[in-house]
Amino acid sequence: MTITYVTVTYNAANVLQRTLDSVLSQDYPDITHLIIDGASTDGTLQMVDDYIKRSNEAENGHLIQVMSEPDHGIYDAMNKGIRSLDGDYVCFLNAGDFLPSPDTVSRIADSISHNGDSPLCEKPAVLYGDTDIVDGEGRFLRHRRLAPPENLTWKSFCHGMLVCHQAFYARTDFAIATPYDLRFRYSADVDWCIRIMKAAAKERVPLQNLHMVVANYTEEGQTTLHHRESLKERYQVMVRHYGHVSTFLMHCWFVVRALFK
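Residues numbered from 1 in each chain as written. Predicted model: local features only at pLDDT ≥ 70, side-chain atom pairs only at ≥ 80, totals over all residues. Heavy atoms only, no water.

(A) Expanded view of the nonpolar core. Residues Y5, F157, F168, Y169 and W192 are the most contacted members of the largest nonpolar core, which totals 71 residues. Examining the composition of this core, we find that eight residues originate from one element, helix α6 (residues 188–202), more than from any other. Residue contacts for Y169: discarding those within four places in its chain leaves I3, Y5, Y89, V90, C91, L99, I108, A125, V126, L127 and V214. (Core = buried A, V, L, I, M, F, W, Y, C linked by side-chain atoms within 4.5 Å. Buried < 20%, exposed > 50% of the residue type's maximum accessible area, 1.4 Å probe, protein only. Helix = DSSP H or I, 4+ residues; strand = E, 2+ residues; numbered from the N terminus. Contact = heavy atoms within 4.5 Å.)

If you want it as structure tokens, here you go:
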């Protein structure tokens, strides 16, 4: 089983190293890492060049592919990654985010080893797990408040994004058929996850809970920096998938829950 990580970068030299190191340290051999760079002008590309050299020299080095050119934002860059996909599963691991331990990918692969050498079409459409939140220096802060349910479906996200984008491994055939919607600037990841799960439900392909922390997520991201705009967009995404009435009532519940915490 091959897992592809897509990391989108733009002048990310101050946070990228821990992301690269965490992928390079994996003891699982079948990893592809796509670096989609937006024509960085800092030390990002030099850091990536060093990463490639270290991977080539490592016993468990993996395939690294780099694209560096101007883009139209993070989701446009992610779509470039989707168009370059191969292998079985893809995970979008942002610059600054990282895998928790060197055996993370091995444990993920072991979790679906009961499928043996079965074809891709017989594997789960999504593998999903838990997330820990880290600070700008990569230090643990807390477990993510929203936790994945035991049995995730596309309807689960009406309660919020219960699975972090970095903890959502989509089967590549579903990912390729489901590019990010560029009408959304901050919440296309939520929409993408829901559409992937909807497609899986339509084809009656299961989703699998990994029951482990699979990503360390850096708290200060674009969604955090543009919190108000993100909330407005997320509401639009929810209306798109769950309807006006259901979305309005659920957000009323969110407000009541917050008041009585």
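(B) View of the pairing of strand β8 (residues 207–218). With respect to burial, β8 is a largely interior element, nine of its 12 residues being buried. Pairing analysis gives eight bridges linking strand β5 (residues 126–134) to β8, with the strands arranged parallel. Counted as the bridge partner of V126 is L207 from β8. (Pairing = 2+ DSSP bridges.)

(C) Expanded view of helix α8 (residues 227–242). Given a rise of 1.5 Å per residue, 16 residues ought to cover 22 Å, and the 22 Å separating the end C-alpha atoms of α8 matches this to within 8%. Every buried residue of α8 is listed here: S230, E233, V237, M238, V239, H241 and Y242. Backbone geometry just after α8 places G243 at a positive phi near 90 degrees. (Expected span 1.5 Å × (residues − 1).)

(D) Summary view of the side chain of T131. Here T131 shows up in strand β5. If we skip the residues at most four places from it in the chain, T131 touches H143, R144, C164, A167, V213, A215 and Y217.

(E) Up close: the environment of K155. When you line up the elements, K155 lands in the loop between β6 (140–143) and β7 (168–171). K155 gets classed as exposed once you look at its relative accessible area, which sits at 52%. With 43 residues separating them in the primary sequence, K155 and K198 have C-alpha atoms 8.6 Å apart.

(F) Molecular detail of the packing of aromatic side chains. In total, this model carries seven aromatic pairs according to the counting rule given. With a centroid separation of 5.6 Å and an interplanar angle of 25 degrees, the aromatic rings of Y75 and Y180 are classed as stacked. On the criterion of sequence distance, the pair formed by Y75 in helix α3 (residues 74–83) and Y180 in the loop between α5 (172–176) and α6 is long-range, its members being 105 residues apart. For the pair shown, Y75 and Y180 are each scored as buried. Above the plane of the ring of W154 lies K198, whose end atom (NZ or CZ) is 4.7 Å from the centre. (Phe/Tyr/Trp six-rings, centres within 6.5 Å; stacked < 30°, edge-to-face > 60°. Lys NZ or Arg CZ within 6 Å of the ring centre and 35° of its normal.)

Interpretation in functional terms is not warranted from these geometric data alone.
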